Structure formats: structure tokens, C-alpha cells
Amino acid sequence: MTELTHLFSPITIRSLTIRNRIFQGAHVTGFGENGLPSDRHVRYYEARAKGGVGLIVQEGTVVSQRCQFHHKAFVQGWKEEITPWLKKISEAVHPHGAKLFLQLWHGGYFSSSLYTNTPGVSSSEIPSSIVGEVPVPLDEAAILEETQAHVNLALKAKEAGYDGIELNFGHGYLQQQFLSPATNIRNDAYGGSLENRMRFSMMVISAVRRALGDGLVLGLRASADEFIPEGYTLKDMKEIMSIWARSGLLDYLNITVATGKTGAYAIAPMMVPPRPFVYCAAEIKQVVDLPVFTGIRINDPVIANDIIKNNEADMVAMVRALLSDPEFANKAREGRSDDIRLCVACNEGCWAQWERREAITCMQNPEAGREATFRITPAGKPKRVMVVGGGCAGMKAAVVAKQRGHDVRLYEKTAELGGAILIPAKVPSRQELGQAVRNLKREVERLGIPVSLNTEVTADMVAKEKPDAVIIATGGSAIPDPRPDVVGPCAAIEIAPGTHVVTAEDVLEGQVQTGRRVVIADQQNFMKGLITAEFLADQGKDVTLVMPISIRLTSANAYDIDIPTLGIQTLNIKTKGVKRIHDCEVKKAGPGKIVLKDVFTEQVQELDADTLVLSYWRKANVKLYQELQGKVPELYRIGDALAPRRLINAVYDGYKVAMEV
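Residues numbered from 1 in each chain as written. Predicted model: local features only at pLDDT ≥ 70, side-chain atom pairs only at ≥ 80, totals over all residues. Heavy atoms only, no water.

Caption draft 1: Up close: the sheet that holds strand 21 (residues 542-547). Within the open sheet, the five strands sit side by side as 19-26-20-21-22. Their pairing is parallel. Only two strands of the sheet have a single partner each, and these edge strands are strand 19 (501-503) and strand 22 (579-582). Each neighbouring strand pair of the sheet contributes to a mean axis angle of 25°, computed without reference to strand direction. Of the strand pairs in this sheet, strand 19 and strand 26 (residues 611-615) are connected by three bridges, and their pairing is parallel. (Pairing = 2+ DSSP bridges. Helix = DSSP H or I, 4+ residues; strand = E, 2+ residues; numbered from the N terminus. Axes fitted to C-alpha atoms, helices over the stretch in contact; angles between N-to-C directions.)

Here it is, written out as C-alpha cells:
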């Protein structure tokens, strides 16, 4: 067992002792109802407190009516009705031994008139790169009002029994808009020199400290580097944080990174290696005499322990890691690290959901955000259950059914569990998807579920086994020939004899070789075409990615992918020379030629190409399901066998159906 003594040593901040060095960092949840917390907040934070975390920093709570971005799901701290809800959260968290801070948040020009019918505010009249609107610069009177707004919310948290307050001065929000030369072009007492640009932040820190008195902890979260040439750097922030620390008003500094333009780094997706910005905290720690917190893409207790052991930081944030497994801390402390459901930084259930203005959850853990309604409950009557298909949907169904007390057996026709997700996991930028497979395999093994590999289940086999329930998780198959009767006339491609045509799946599995000039017909609008392009570009191929539809109902861009993942993946393929053509679809393919049609103008163009790569959604494998209809007491279909979608849908299907058996 790996020693984690540093991670599980207590820390005292001011007069508050926290039981270990793991904290859940503040993050959006989308659980708000009409601008107030909800029972989802209570149950969500309570589950993480039960799970052994040392500290919870509750999500950024809006201090002022001047920033009401998405005002229904964002919790509005200026509302008087918030205090009883804060008390409910405090009373749910504290009995389990965790400490609780409230983060005070003012987005400044992150506020959108689309939701509020009023413009945002900022340091200067500079358009927001995130919202795209021009804000109103705060005058002296408004600055005083916003300072008091921070105080008002801090006092509500104090009344509700919170242990501390965290001020959010990072991620491009209002205080960072004043601090940064990229967004502050004022020529009064709040602009120009560093002292002037820091004036507003010092006013807020001083006012909140006075209001809290000596009892409660007061900390501050700020971006150590904006990663834009016009903004401030780590060197600048070391000076700024030194000034904040020497004021004697703060009890800790929570180090993050980025601003609006570079926000992808703050929610680093799986293609970013673990612990990418701990160095920022370590640098800050050298120049301040305060506890320093760190975070971003830290999902392993050993990594977290090493950070504390090496004196790089004093506490480590876990956000997505605790979404994935609320029992993370307990399992690590008890020496059960192998049982932790490690986050894979897919962003599918968390950040992607928030971008759609939906409540967050987790791709691997459907209970996240649904703690009040999704709980493993014992089955009324144990049944014999056959799960056919050992992909992620099938494994999740088998695990949940077994946890409910059913007698479960899992069948997989290949030699390995994991299913279709093992294909993209072969690409370096998506290889952590394999961790999701490992997590589920570990749960299958821990529960002792019998697994039959290299076994293709037939209707006759099911008849002999006489199960009470069969769950079909047979996945889907790639589309090698996009005829109208297979993909419909709109997505069909007329392929002439002799054309070199392959599927993205065959490319990624190394089963085929392409020519030098490759065109990818990307009909999926998710990751398959993008990672295939990257995979081929790494081989030195000349790659053109063709994307037919420029917008999606669930996304403002051609790819229905969360912005951090899309941003980093776009950076990857652009640096590797991949060309992209949007608003066109591949209509014909012949030897050496690909014909495109513009979806708006219907103009036709030709591209020279040696190989056409097909990147479609897969087709559901429904043969066994159809053969078993009416022949078994209970028959279910999940994952790609129901409809080829994403991993989050497959895992959700597995959980939901297993709860119905």
C-alpha cells in the first residue's frame, strides 16, 4: 500500500483545523432553482462530506445584481432568501466532519444581456471575449456598492455557520478584469499602475475581513498566469500575491490559471497531462507566508500526496475527481486506492453539461448531481440476469445489477472487456478513456461477477440458460459503405469502383493504411473525425477534414464538444497541419478525387485525395435483441445497441436499466 500520510495529515488555517489536505474546489453545478440553492446542492455536498473530503468550497455565488449570468441556475447571493438554504447546506456537511467555505463570485463582463436584459460591468469599456458584449465601466460609487455586496454575502455565510469565505479573483472575472492590463485601460485611481489596478481587490479584501472578524477563514482564489501576451504573467502575480499576503488580512491563497480567452486550461481535458499547473502554486509558495492551495487535473491520491510531500502546495483541489467518485478520500485513506473511480477528464458530464446550461453530472457516475433520486437500492426479488456485451454499458449494467443483489453473468464475444471505447483510446490524446474501462473492470472483478470472454451469445444459448432478464449491450458496428439505404440520402456518398475507402475505426486500430492525401468525411460531429485527423497527421499524411453542418442545436459550433476539449484538440490538429472545410459534405468519391457540395450554396468543388476515411456514427447491432423479443421474461437494450451515442449515454443506460430489473 502506498503511504499517503502527507495527504491525510491535518492542517490548521487561522484557528480552523481541516482533517486532510483534499478539498473540493468551487465549481458551477447548475443546481440552482430561480437563483437559489436547491435540495440537489444539499445532497451533492453532503455526499462529498460523507466521502471523507477535508474541505468543501461551495460553488461561486453571485454577490450582486450587476452580474446575473444565467440567473436561474447560478445562485444569487444577494437574495435575502438564500440564508436558510445556506444553513441547510451547512447542517448537511458539518456532521460528517468536513469544513465548508462559500466562494463569493462576481463575473463582471461575464454577465449576458441574453439572460438579464442588462449589460455586464467591468473595469473598462472593452468587449468581453466570452459573452461578446460591451460592458459598463464601474464608477467610484458602483465600486463601493460592489464592495459592500461582497460583505453582505459574507455575513450571510457567517450567519449560516460556514467556516470561511473564498473570494474569486481569477478566471477572468471582475477582479481580474481590474488587475489585468489586457482589460483595464482606466486612467483614474483604479487603472494604470499596479497599485491602482490592485485598489479594488484590496478594498474587497479589507471590507470582508472586517465583517468576518477574527473567527472565520478568509482566502482568495486567483489566476497565476493569464497565458495571453497582453495580460499579466506568473512573475507579475508573484508580486501581486506577495502584496495580498503581506496585508495580514488573508489566511490562504488558492492558485488557478487562465482568463476568458485561455479558459480551456482551467478545465484541462484529458489530452493535457495530469497536474499541469502545480508549478504555479509552487512558485507562489516561495514568496508568501500563507498556506497555498493548488488544483486542475489532479485525479490520483499518490500525485496529490507527492504535491504535499514536496512542499509544492498545502492543499490539493479535487473537483472532477470527486464528481467521479465522492468516496475518493475515504478509499484513499483506507488503502483502497485501486477501487477509486478515477476521473478521465472527458468533461462530458460536467463542463459540457454546464455549457448547455444543464445541471452537471459525471460520465462514469450517473449518481453525481442526482444523489436524491439515484441510489443503489436492493432488488425486491433477486433474479438471474444475463448481460450480453462487455463494453462500458454492459459492465455498468452488470455492476449495478449485482450491487442490487441479482445473480449476474457478463458475456463478451471478444477476448477483452471494453467495447468500442478501446478504439479511440489508442490515440494519445484520448488514451485516458482506457481508464474508464479499467475502472469498470475493477468493479466487475471486486464484485465477483462471472465473465465469459470469447463468447458470442445466441438465442439458443439464452434459451438454455433460462435467465429472468437479458440486457443487450452488443454495441454497434462501423459503416463501411454509406449507401442511401444505410445512412439516408442526405448523408450518402456515391463511391465509384476502385476508390480507396476505409473507416475511421479501421484507421485507428491500425488495420488499414491510407494514401498520402486523405479526406475525412466527418458525419459524427463529435471526437472521432478530429482524433482520426490527428492520428493520420502524426504519420505525415496530408489530411483534410470535411464537416457538413456548421451549427448544432446543442452547440454553437460544428462540433458538439465542450469548449476546453475542442479548444485543445483544435490546437493539436492545427499545429499538425490538418486542413478543415466546414459547411460542405462529401457527395462522391472516385479514384484520386473527392467531390464536395456546399450545404448552403450547393456549389461543387473537387479535392485530390488518395483515400477517403468515413467517420459516421455507428449502426446498432440489434440482431440478438430482435431474436429474443417475446422469448424471455425481461428484455432490455442499452448503449450503442439501443442507439449509437456517447460514452456518457452508454453508462447512464447501463445504470438506469439495471435499476429497473
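After presenting the structure, the write-up continues.
Caption draft 2: Fine view of the environment of I308. With respect to the helices and strands, the residue I308 is situated in helix 10 (residues 301-309). The residues contacting I308, other than those within four sequence positions of it, are H6, R21, A313, D314, M315 and V316. (Contact = heavy atoms within 4.5 Å.)

Caption draft 3: Structural detail: the packing of aromatic side chains. Counted by the stated rule, this structure contains 18 aromatic pairs. Ring centres of F74 and W354 lie 5.4 Å apart, and the angle between their planes is 40°; on these two criteria the pair is classed as tilted. Here W354 lies in helix 13 (residues 351-355) and F74 lies in the loop between strand 4 (55-62) and helix 2 (82-93), a separation of 280 residues in the sequence. Of the two residues examined, F74 and W354, each falls in the buried class. An aromatic cluster is defined as three or more aromatic residues linked by ring pairs; in this entry it consists of F74, W105, Y109, F110, Y173 and W354. Taking NZ or CZ as reference, R637 lies 4.3 Å from the ring centre of Y625, over its face. For R646, the ring lying beneath its charged end belongs to F526, and the centroid distance is 4.2 Å. (Phe/Tyr/Trp six-rings, centres within 6.5 Å; stacked < 30°, edge-to-face > 60°. Buried < 20%, exposed > 50% of the residue type's maximum accessible area, 1.4 Å probe, protein only. Lys NZ or Arg CZ within 6 Å of the ring centre and 35° of its normal.)

Caption draft 4: The arrangement of the nonpolar core in detail. Of all hydrophobic cores here, the largest spans 137 residues; its most connected members are I165 and W244. Beyond its immediate stretch of four places on either side in the chain, W244 contacts F169, L179, M198, S201, M202, I205, L220, A222, M237 and L250. Judged by nonpolar contacts, the second largest core, of 40 residues, contains M363, I449, V651 and V661. (Core = buried A, V, L, I, M, F, W, Y, C linked by side-chain atoms within 4.5 Å.)

Caption draft 5: Here's a closer look at the sheet that holds strand 14 (residues 407-411). Spatially, 15-14-13-16-28 is the arrangement adopted by the five strands of the open sheet, whose pairing is parallel. The sheet is open, and its two edges are formed by strand 15 (451-452) and strand 28 (634-637), each paired on a single side. Bridging between strand 13 (residues 384-388) and strand 14 involves five bridges; their strand directions are parallel. Each residue of the ladder has a partner; that of V387, found in strand 14, is L410. The sheet contacts of helix 14 (residues 392-403) involve strand 13, strand 14 and strand 16 (469-472), and relative to strand 14 the element is tilted by about 165°.

Caption draft 6: Highlighting the pairing of strand 26. The buried count for strand 26 comes to five of five residues, which makes it a mostly enclosed element. The side-chain alternation of strand 26 yields two buried faces, one formed by T611, V613 and S615 and the other by L612 and L614. With five bridges joining them, strand 20 (residues 517-522) and strand 26 adopt parallel strand pairing. Considered in strand 26, the bridge of A521 is made with L614.

Caption draft 7: A look at the pairing of strand 20. Counting buried positions over the six residues of strand 20 gives five, a clear majority of the element. Direction of pairing for strand 20 relative to strand 21: parallel, over a ladder of five bridges. Its bridge partner lying in strand 21, A521 is registered against V546. Read from strand 20 through helix 19 (residues 528-537) to strand 21, the crossover connection turns out right-handed. (Right-handed = clockwise from strand over helix to strand, strands pointing away.)

Caption draft 8: Representation of empty space enclosed by the protein in the model. The tally for this structure, following the rule as stated, stands at four cavities of 30 Å³ or more. Grouping the constituent residues of the lining of the largest cavity by class yields seven nonpolar, five polar and one charged. What lines the second largest cavity is C346, E348, A352, R430, F526, M527, D560, I561, D562, T565 and R646. Grouping the constituent residues of the lining of the second largest cavity by class yields five nonpolar, one polar and five charged. (1 Å grid on protein atoms, 1.4 Å probe; cavity = no way out; pocket = protein on both sides within 12 Å on 5 of 7 lines; lining within 4 Å. Points joined across faces, edges and corners; volume = space filled by probe spheres on them. Nonpolar A, V, L, I, M, F, W, Y, C, P; charged D, E, K, R; others polar.)

Treat this as a map of the structure, not an account of what it does.
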